[in-house]
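An overview of the molecular structure
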Amino acid sequence: NDAKAADWLKRAADQGLPEAQNNLAVLQMLGRSAISDENQPIALLEKAAVTMSKAQYNLGLAYTRGVETKTDDRKAIEWLRKAEEGGDSRAQLLLGLLYELGRGVGQSETVAVNWYRKAAEQGEVEAIYNLAQHYMSGQGVERDFIQAKQLFQKVADLGDASSQNILASLYQDG
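The rules we used
- Residues numbered from 1 in each chain as written.
- Predicted model: local features only at pLDDT ≥ 70, side-chain atom pairs only at ≥ 80, totals over all residues.
- Heavy atoms only, no water.
- Core = buried A, V, L, I, M, F, W, Y, C linked by side-chain atoms within 4.5 Å.
- Buried < 20%, exposed > 50% of the residue type's maximum accessible area, 1.4 Å probe, protein only.
- Helix = DSSP H or I, 4+ residues; strand = E, 2+ residues; numbered from the N terminus.
- Contact = heavy atoms within 4.5 Å.
- Axes fitted to C-alpha atoms, helices over the stretch in contact; angles between N-to-C directions.
- Parallel < 35°, antiparallel > 145°, perpendicular 65-115°, else oblique.
- Left-handed = near helix turned anticlockwise from the far one by under 90°.
- Nonpolar A, V, L, I, M, F, W, Y, C, P; charged D, E, K, R; others polar.

This part is about the nonpolar core. Membership of the largest hydrophobic core comes to 33 residues, with the highest contact counts inside it found for Tyr57, Leu80, Leu131, Tyr135, Leu151 and Phe152. Going through the elements one at a time, α4 (53-65), α5 (73-85), α6 (89-101), α7 (109-121), α8 (125-137), α9 (145-157) and α10 (161-173) are the ones with two or more residues in this core. Look past the residues within four positions of leucine 151 in its chain and what remains in contact with it is Ile128, Leu131, Ala132 and Tyr135. In this structure, Leu24, Leu45, Leu59 and Ala62 belong to the second largest nonpolar core, which totals 20 residues.

A few words on the packing of helix α2 (residues 18-29) against helix α3 (residues 41-48). The geometry of a pair of packed helices is captured by two quantities: the angle between their axes and the separation between those axes. Where α2 contacts α3, the axes come no closer than 8 Å and their chain directions differ by 155 degrees. By the angle between their axes, α2 is roughly antiparallel relative to α3. Crossing geometry of α2 relative to α3 is assigned as left-handed. Here α2 contributes Pro18, Gln21, Asn22, Leu24, Ala25, Gln28 and Met29 to the contact with α3, which in turn contributes Pro41, Ile42, Leu44, Leu45, Lys47 and Ala48. Class assignment of the residues belonging to the contact of α2 with α3 gives a composition of nine nonpolar, three polar and one charged.

Rendered as structure tokens:
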């Protein structure tokens, strides 16, 4: 029951609990909370982000996508770097994507690969897939089909259909 959840989260958020501030903000951003007062999602996340890397990531994501705020890649990168310092693998993945696309930073496949590698080392599936793609294409890293195949295998074993398809092609091509 989202209404009851939002009520309890608001009570805890009003008492300054960062986890509740983050969770209420996310509930609001998903459109699953009718609570609308001075506790707007971005303000709640900023309060929680003082101590929570998860809230820092959520702020970075909000600024990247323009959810409840205007798109601002500079602010997104600022928050994502803070989250990454706290070890957030999703922040590392998103930083890799931003570098790959050149959004808010100079475009760099090499830097993107480094971020993907950091996230992949923590088991971030999309980062493993992206890293495999880079090894296969040779963008930002020396082309290495063996490494690409090993990485695609990891993701394919987790049930990813795209990786399974690519892996099948790699086996067909030898």
